[in-house]
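# Structural characterization, general
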Amino acid sequence: MQIRLFRQTRTWLALWYAVVMGLILTLCGFVVYEVIVDAYLVSIKRELESVTGTLHNVIEPNLKQPGRIEPIFQQVLLNTCVIESGCPTQTIFGHKQRILAEDDIISTIHRDKQYYIRFIDSSGRLIAVVGFLPDKLPPTVQTKVWQTVKDPQGNRYNQKSLPLHTQDNQVWGYIQVGRSLKELDNRLAALKLVLALGLPITVLLVGGSSWWLAGLAMRPIDRSYKQMQQFTSDASHELRTPLAAINATVETVLDTEHLSLTEARDTLASIQRQNYRLAELVGDLLLLSRLDQQELTTQWEPCCLNILINDLIEEFSALASAASLQLTSSVLCHQPLYVMGDEDQLLRLLSNLIANAIKYTRAGGYVTVILKRNNGHAVIEVQDTGIGIAPGEQKRIFNRFYRVNSDRSRTTGGSGLGLAIATAIVQAHGGSLCVQSEVGKGSTFIVQLPLKTFRY
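Keep in mind that this is a model prediction, so the values were computed, not measured. (Residues numbered from 1 in each chain as written. Predicted model: local features only at pLDDT ≥ 70, side-chain atom pairs only at ≥ 80, totals over all residues. Heavy atoms only, no water.)

## Observations regarding a nonpolar patch on the surface
The grouping of W12, L15, W16, V19, V20, L23 and I24 at the surface amounts to a nonpolar patch, some 730 Å² of accessible area in total. Among the structural elements, V19 can be located in helix α1 (residues 2-59). (Patch = residues over 30% accessible without salt bridge, like charges linked within 9 Å, V, L, I, M, F, W, Y side chains within 5 Å. Areas by Shrake-Rupley, 256 points an atom, 1.4 Å probe, with all protein chains shown as cover. Salt bridge = Lys/Arg side-chain N within 4 Å of Asp/Glu carboxyl O. Helix = DSSP H or I, 4+ residues; strand = E, 2+ residues; numbered from the N terminus.)

## Details of the nonpolar core
Of all hydrophobic cores here, the largest spans 48 residues; its most connected members are L349 and F445. Of all the secondary structure elements, the ones that give two or more residues to this core are α4 (261-293), α5 (305-322), α6 (343-359), β12 (366-374), β13 (377-384), α7 (418-428), β14 (432-438) and β15 (442-450). (Core = buried A, V, L, I, M, F, W, Y, C linked by side-chain atoms within 4.5 Å. Buried < 20%, exposed > 50% of the residue type's maximum accessible area, 1.4 Å probe, protein only.)

## Topic: the sheet that holds strand β8 (residues 171-180)
Spatially, 6 strands are ordered β1-β5-β4-β8-β7-β6 in an open sheet, and the strand pairing comes out antiparallel. In this open sheet, the two edge strands, each paired with only one partner strand, are β1 (81-82) and β6 (146-150). Here 2 bridges tie β1 to strand β5 (residues 126-131), and the two strands are oriented antiparallel to one another. The residue of β5 that forms the bridge with C81 is V129. (Pairing = 2+ DSSP bridges.)

## A few points about the pairing of strand β11 (residues 338-341)
Burial of β11 is one-sided: the residues V339 and G341 facing one way are buried, the residues Y338 and M340 facing the other way are not. Here strand β9 (residues 301-304) pairs with β11 via 4 bridges, running antiparallel. The residue of β11 that forms the bridge with E301 is G341.

## Concerning the confidence of the model for the protein chain
Of all residues in the protein chain, 83% have pLDDT values of 70 or greater, and the mean over the chain is 79. Low pLDDT, under 50, characterises residues 406-411; the predicted model gives this stretch 9 contacts beyond four residues in sequence or across chains. (pLDDT = per-residue confidence, 0-100. Contact = heavy atoms within 4.5 Å.)

## Some words on the UniProt feature "transmembrane region" (unreviewed entry) in the protein chain
The UniProt feature table records "transmembrane region" (unreviewed entry) at residues 12-33 and 193-218. In this annotation, residues 12-33 is assigned 100% helix and 0% strand; the end-to-end C-alpha distance for the span is 31 Å. (UniProt positions renumbered as here; feature names shortened; annotations may be inferred.)

## Remarks on a negative patch on the surface
Together, E301, D311, E314, E315, E343 and D344 make up a negatively charged patch on the protein surface. When residues of the negative patch are assigned to their parent elements, the largest contribution, 3 residues, is made by α5. Here D344 lies in helix α6. (Lys, Arg positive; Asp, Glu negative; His and termini not counted. Charge placed at Lys NZ, Arg CZ, Asp CG, Glu CD.)

## What to know about the packing of α6 against α7
Each pair of packed helices can be described by the angle between their axes along with the distance between the axes. For the pair α6 and α7, the least separation of the axes is 9 Å and the interaxial angle reads 145°. Of the two possible hands of crossing, α6 and α7 adopt the one that is left-handed. Together, Q345, R348, L349, N352, L353 and N356 of α6 and G418, L419, I421, A422, I425 and V426 of α7 make up the contact between the two elements. Split into classes, the residues belonging to the contact of α6 with α7 amount to 7 nonpolar, 4 polar and 1 charged. (Axes fitted to C-alpha atoms, helices over the stretch in contact; angles between N-to-C directions. Left-handed = near helix turned anticlockwise from the far one by under 90°. Nonpolar A, V, L, I, M, F, W, Y, C, P; charged D, E, K, R; others polar.)

## A look at the packing of aromatic side chains
Under the defined criterion, the tally for this structure stands at 4 aromatic pairs. Ring centres 4.6 Å apart and planes at 85° place the aromatic pair F73 and F119 in the edge-to-face group. With F73 in helix α2 (residues 71-76) and F119 in strand β4 (residues 115-121), this pair connects stretches of sequence that are 46 residues apart. Each member of the pair, F73 as well as F119, carries the same accessibility label: buried. Consider the rings of Y116 and Y157, whose centres lie 6.0 Å apart with planes at 75°: the pair is edge-to-face. Placement of Y116 in strand β4 and of Y157 in strand β7 (residues 156-165) is noted, with a sequence separation of 41 residues between them. Accessibility expressed as a relative area gives 0% for Y116, which makes it buried. (Phe/Tyr/Trp six-rings, centres within 6.5 Å; stacked < 30°, edge-to-face > 60°.)

## A closer look at the environment of T252
Position of T252 among the secondary structure elements: in helix α3 (residues 182-255). A relative accessible area of 51% means that T252 is categorised as exposed. For the pair T252 and T267, spaced 15 residues apart in sequence, the C-alpha separation works out to 9.2 Å.

## Quick word on the sheet that holds strand β10 (residues 326-331)
Spatially, 5 strands are ordered β10-β12-β13-β15-β14 in an open sheet, and the strand pairing comes out mixed. Two strands bound the open sheet, and with one partner strand each, they are β10 and β14. Here the strands of the sheet are splayed against their neighbours by 15° on average, with no regard to which way each runs. Alignment of β12 against β13, held across 8 bridges, turns out to be antiparallel. Opposite R373, over in β13, you have A378 as the bridge partner. Of the strands in this sheet, β10, β12 and β13 touch α5, which is tilted by about 170° from β10. Contacts from α6 reach β10, β12, β13, β14 and β15, with the element oriented near 25° to β13.

## Here we look at α5
With 18 residues, α5 should cover 26 Å at 1.5 Å per step; its first-to-last C-alpha distance of 26 Å lies within 8% of that length. Largest kink in α5: about 40°, centred on F316. All of the buried residues in α5 are L305, N306, L308, I309, L312, I313, F316 and A320. Where α5 is buried, its residues contact β9, β10, β11, α6, β12 and β13. (Expected span 1.5 Å × (residues − 1). Bend = angle between axes of the 7 residues up to and from the residue.)

Here is the structure:
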């Protein structure tokens, strides 16, 4: 069920990401297409405006009668083809077609641009043409300055029309300067092909990448989910054990007809022990939850680690003597070391480490607490000559409810939360906790806490 849930979530994340990216890329492709089209058309229109305006200014002052070809046409435009006299072949611009401007500037129209110039009278009849003549292109100009027209083959042409007037201000006709848009259309067709093929391929690549990225993003979630499942399972196990013991004790009492005072006291003592263990476990879980959510009220104040360690050595000396161990401390600094923190939490941290060291050290062994200073940090080492921890277990022992070899026996005591609580307390104080261990030779738990600096 869990695998199916995460796969569905991963699939939906990848799908939505691909859809959104597809829409964005489609919109960007459309914008790019429109920008390119607009840029080409603006460039073409500027060229046509320049040519049309120059011709208009040169030819119009020399026109005398409407619809009549004046000598200025041949002077300005070489190879002008007059329709009435017949054009044996379509005239193509030479290598360079000269257009004389008023300021004697010569502008050049190149053959590959396929320009044409047409002169039309006021009735829409074609009078003359210069250069490339599109087949059966409608000669009518109507009143539009700009036109985009098509020939029967579907080729498009962009042309500009300007009215021409005679010297006495009569309408002579119109001049049309046009250019083939075949080059533009070919480029746009290639761009459409690139977009049509590129967008789906890009979306597929984005979908595959998003699937991979979604897997990476969901790994911490999957890990947290598994840890939560493991935590729930372990917590249920730990809670079930004392509850089952209490229930069994109560059932035994209920099945007994006559219960002596001694038996009653033993029964209540057993229930009390299980209830104490249950309350301790719930308290540990609540402490961990508050530490994780940073909801625990802490009294931040300077704490002297020298005093804390001396108090703990004195407190655990009886427990160490009962276990036939030697518990000592070693302070390797001349001045007291202070850290900012909560004294109760720091006592809980060091108590867990010392208690574990005593618990897993055989009789006749040693437990030593060392305090020293290292680059602005207070370093506390809890060394023991106990059973040690295998390299593969050294990172996992800080997990909640984890015990080496999954030891659930009651002989070792505890619920497996001690090191998890210690880690949470260290992290809350801005420090670190690690372990160095060798099986059969002992372990050393190292705590580093930032020192409190005093200014005088």
